[in-house]
Amino acid sequence: MGIIEVRELKKVFNGNTAVDGVSFSVEAGEVFGLLGPNGAGKSTLISMISCLLDPTSGDALIDGHSVIKEPMEVKKILGVIPQEIALYPTLTARENLHFWSKMYGLSSQDAKKRADDVLKIAGLSDRADEKIETYSGGMKRRINIAAGLLHKPKVLLMDEPTVGIDPQSRNHILETVKSLNKSGLTVLYTSHYMEEVEFLCDRIAIVDQGKVMASGTQEELKKIVGQKDIVRIKASGMLDKAIDDVKRVDGIDGATVKDGEIDILTKDSRKVLAVIISILNQENVKMASVEVQEPDLEGVFLHLTGKSLRD
Ligand SMILES: Nc1ncnc2c1ncn2[C@@H]1O[C@H](COP(=O)(O)OP(=O)(O)OP(=O)(O)O)[C@@H](O)[C@H]1O
Ligand SMILES: [Mg+2]
């Protein structure tokens, strides 16, 4: 049995199903990714697994303990890094950590020692006595992570810990996750960034609209797409209109546009490439680059849902 066993978890909010019968299993020592776009149900899942939200039905077992029947046991095992920053802005980082240590029931002596340890992990020992309100977004996120590590959890749940921060803090967080995992921590990591789950995760569940669309290693997920390529075009102009025409071309299995990038899924890139380029020219789209590549997780998501992961 996995250290995290999610079994048919479901959450309905006022008639809207946010999580729709999700099951997966995470082995001890893994970094497991939940990859999905905005509104997929990632945070709702994390809230149920961490006993902050009652499931409508289903259950999750953490090291054998039910989140419904044994929440106190579960909370001892889990460290939870919520998507929203949970820090008091007018207190210093050290004071915030002390507060969380008290919540976890650590002795004053342990609290002091653990604060030093987790500040080191966050790379913020030298800023520990400054108020959180003077921190950058990335530094706040790093202290948020530090707070979740105070009680030495066996399993860490991280909900989109890198959204909206500078590249340096982002890299620091990704490297921290890697090294925590190397030292034995099991991590459940949610993101809508394909690159992050590719970098970090042993296995991945792709989620959309409250459901697991597919799960497995990266290699297993890429095989789902079969013998198709991604044609990726960086461009500017009326891309949304152009893409509607591109989608109608024979031999194209899906196309999305986001942030000046067009992704096209096709079995026969050589055959359709000329047609695509001529359509984009007709629509006065300016192309900066065209690449044909094997499907990545973005391509897998496009194949499964017809949509883009990115927002
Ligand atoms: N407390 C709530 N009350 C009502 N609806 C909610 C509540 N929390 C979430 N939802 C709805 O549930 C769905 C899933 O939301 P959730 O926050 O779990 O998605 P997410 O994958 O975490 O998205 P994001 O990437 O934007 O954080 C959304 O449609 C959302 O509007
Ligand atoms: Mg979320």
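Refer to the structure presented above.
First, a word on scope: everything that follows refers to the structure included in this document. (Residues numbered from 1 in each chain as written. Chains lettered and ligands numbered in written order. Predicted model: local features only at pLDDT ≥ 70, side-chain atom pairs only at ≥ 80, totals over all residues. Heavy atoms only, no water.)

1. Some thoughts on the overall build of the protein chain
So, step 1. Along the protein chain, the regular secondary structure elements total eleven helices and 14 strands.
So, step 2. Excluding contacts between residues fewer than 6 apart, the proportion of contacts in the protein chain whose partners are at least 24 apart in sequence is 69%.
So, step 3. If you sum the accessible surface of the protein chain, you get close to 14600 Å²; carbon and sulfur atoms cover 49% of it. (Helix = DSSP H or I, 4+ residues; strand = E, 2+ residues; numbered from the N terminus. Contact = heavy atoms within 4.5 Å. Areas by Shrake-Rupley, 256 points an atom, 1.4 Å probe, with all protein chains shown as cover.)

2. Let's talk about the sheet that holds strand E1 (residues 4-13)
Neighbouring strands of a sheet are bound in pairs by backbone hydrogen bonds; such pairs are parallel or else antiparallel.
So, step 1. As summarised here, the arrangement of the four strands in space is E2-E1-E4-E5, forming an open sheet in which the pairing is antiparallel. The open sheet is flanked by strand E2 (16-26) and strand E5 (65-66), the only strands paired with a single partner.
So, step 2. Where E1 and E2 come together, eight bridges link them in antiparallel fashion. Its bridge partner being in E2, Lys10 is matched across the sheet by Asp20.
So, step 3. Most of the contacts of helix H1 (residues 42-49) go to E1, to which it runs at about 120 degrees, and overall it touches E1, E2 and strand E4 (57-62). (Pairing = 2+ DSSP bridges. Axes fitted to C-alpha atoms, helices over the stretch in contact; angles between N-to-C directions.)

3. Notes on the side chain of Arg114
So, step 1. With respect to the helices and strands, the residue Arg114 is situated in helix H4 (residues 108-122).
So, step 2. There is a polar contact of 2.7 Å between the side chain of Arg114 and the backbone oxygen of Leu149. (Polar contact = N/O pair within 3.5 Å; in protein donor to acceptor, adjacent residues only side chain to side chain.)

4. Some details on the site of ligand 1
So, step 1. Near ligand 1 you find Phe13, Ala18, Pro37, Asn38, Gly39, Ala40, Gly41, Lys42, Ser43, Thr44, Gln83 and Glu160, and these make up its full shell.
So, step 2. Ala40 is positioned such that a nitrogen or oxygen atom in its backbone is 3.1 Å from an oxygen atom of ligand 1.
So, step 3. At 2.9 Å, a side-chain N or O of Ser43 approaches an oxygen atom of ligand 1.
So, step 4. When ligand 1 is considered free in solution it has 630 Å² of accessible area, and contact with the protein chains removes 58% of it.
So, step 5. Per-element accounting of the shell around ligand 1 gives the leading share, three residues, to H1.
So, step 6. A breakdown of the residues in the shell around ligand 1 according to their chemical character gives four nonpolar, six polar and two charged. (Near = heavy atom within 4 Å. Nonpolar A, V, L, I, M, F, W, Y, C, P; charged D, E, K, R; others polar.)

5. Considering the pattern of salt bridges
So, step 1. Applying the stated criterion across every chain, the model contains 22 salt bridges.
So, step 2. For Asp63, the salt bridge identified is with Lys154, shortest N-O distance 2.5 Å. In this pair, Asp63 sits in the loop between E4 and E5 while Lys154 sits in the loop between helix H5 (137-149) and strand E7 (155-159), placing the two residues 91 residues apart along the sequence.
So, step 3. A residue is classified by how much of its surface remains accessible, and Asp63, at 33% relative accessible area, is partly exposed.
So, step 4. Connected through salt bridges with shared partners, the residues Arg232, Lys234, Glu261, Asp263 and Asp296 form a single ionic network. (Salt bridge = Lys/Arg side-chain N within 4 Å of Asp/Glu carboxyl O. Buried < 20%, exposed > 50% of the residue type's maximum accessible area, 1.4 Å probe, protein only.)

6. A closer look at the environment of Ser23
So, step 1. Position of Ser23 among the secondary structure elements: in strand E2.
So, step 2. Residues Ser23 and Pro82 lie 59 residues apart in sequence; the distance between their C-alpha atoms is 21 Å.
So, step 3. Apart from residues no more than four positions distant in its own chain, Ser23 is found in contact with Val6, Arg7, Glu8 and Val212.
So, step 4. In terms of polar contacts, Ser23 uses its side chain to reach the backbone amide nitrogen of Glu8, at 2.9 Å.

7. Considering unusual backbone geometry
Backbone geometry follows two general trends: most residues other than glycine have a negative phi, and most peptide bonds adopt the trans configuration.
So, step 1. With phi around 40 degrees, Asn14 is a residue other than glycine that occupies positive phi space.
So, step 2. Of note, Asn14 is situated in the loop between E1 and E2.
So, step 3. Phi at Gln209 is positive, roughly 50 degrees, even though this residue is not glycine.
So, step 4. On the secondary structure map, Gln209 appears in the loop between strand E9 (203-208) and strand E10 (211-216).

8. A short note on the packing of helix H3 (residues 93-103) against H4
So, step 1. One way to put it is that H3 packs onto H4 with a least axis distance of 9 Å and a crossing angle of 130 degrees. One finds that H3 runs oblique with respect to H4. Here H3 runs over H4; the crossing is right-handed. Here H3 contributes Ala93, Arg94, Leu97, His98, Ser101 and Lys102 to the contact with H4, which in turn contributes Ser108, Ala111, Ala115, Asp116, Val118 and Leu119.
So, step 2. Broken down by class, the residue content of the contact of H3 with H4 amounts to six nonpolar, three polar and three charged. (Parallel < 35°, antiparallel > 145°, perpendicular 65-115°, else oblique. Left-handed = near helix turned anticlockwise from the far one by under 90°.)

9. Notes on the pairing of E9
So, step 1. The element E9 is largely enclosed, with a buried count of five among its six residues.
So, step 2. One ladder, built from four bridges, connects strand E3 (residues 31-35) with E9; its direction is parallel. Residue pairing for E9: Phe32 is matched across the bridge by Arg203.
So, step 3. Of the pairings in the sheet, the one linking E9 to E10 comprises five bridges and is antiparallel in character. Considered in E10, the bridge of Val207 is made with Val212.
So, step 4. What sits between the antiparallel neighbours E9 and E10 is a turn of two residues, in which Gln209 has the positive phi angle 50 degrees.

10. What about H4?
So, step 1. With 15 residues, H4 should reach 21 Å at 1.5 Å per residue; the first-to-last C-alpha distance of 21 Å fits that figure.
So, step 2. Looking at H4, one finds that the buried residues are Ala111, Arg114, Ala115, Val118, Leu119 and Ala122. Along the axis of H4, the buried positions cluster into a sector of 140 degrees, meaning they face one direction only. Opposite the buried face of H4, by more than 90 degrees, sit the exposed residues Gln109, Lys112, Lys113 and Lys120.
So, step 3. Residues of H4 that are buried make contact with H3, H5 and helix H6 (167-182).
So, step 4. Positive backbone phi, approximately 70 degrees, marks Gly123, located one or two places after H4. (Expected span 1.5 Å × (residues − 1). Arc of directions from axis to C-beta.)

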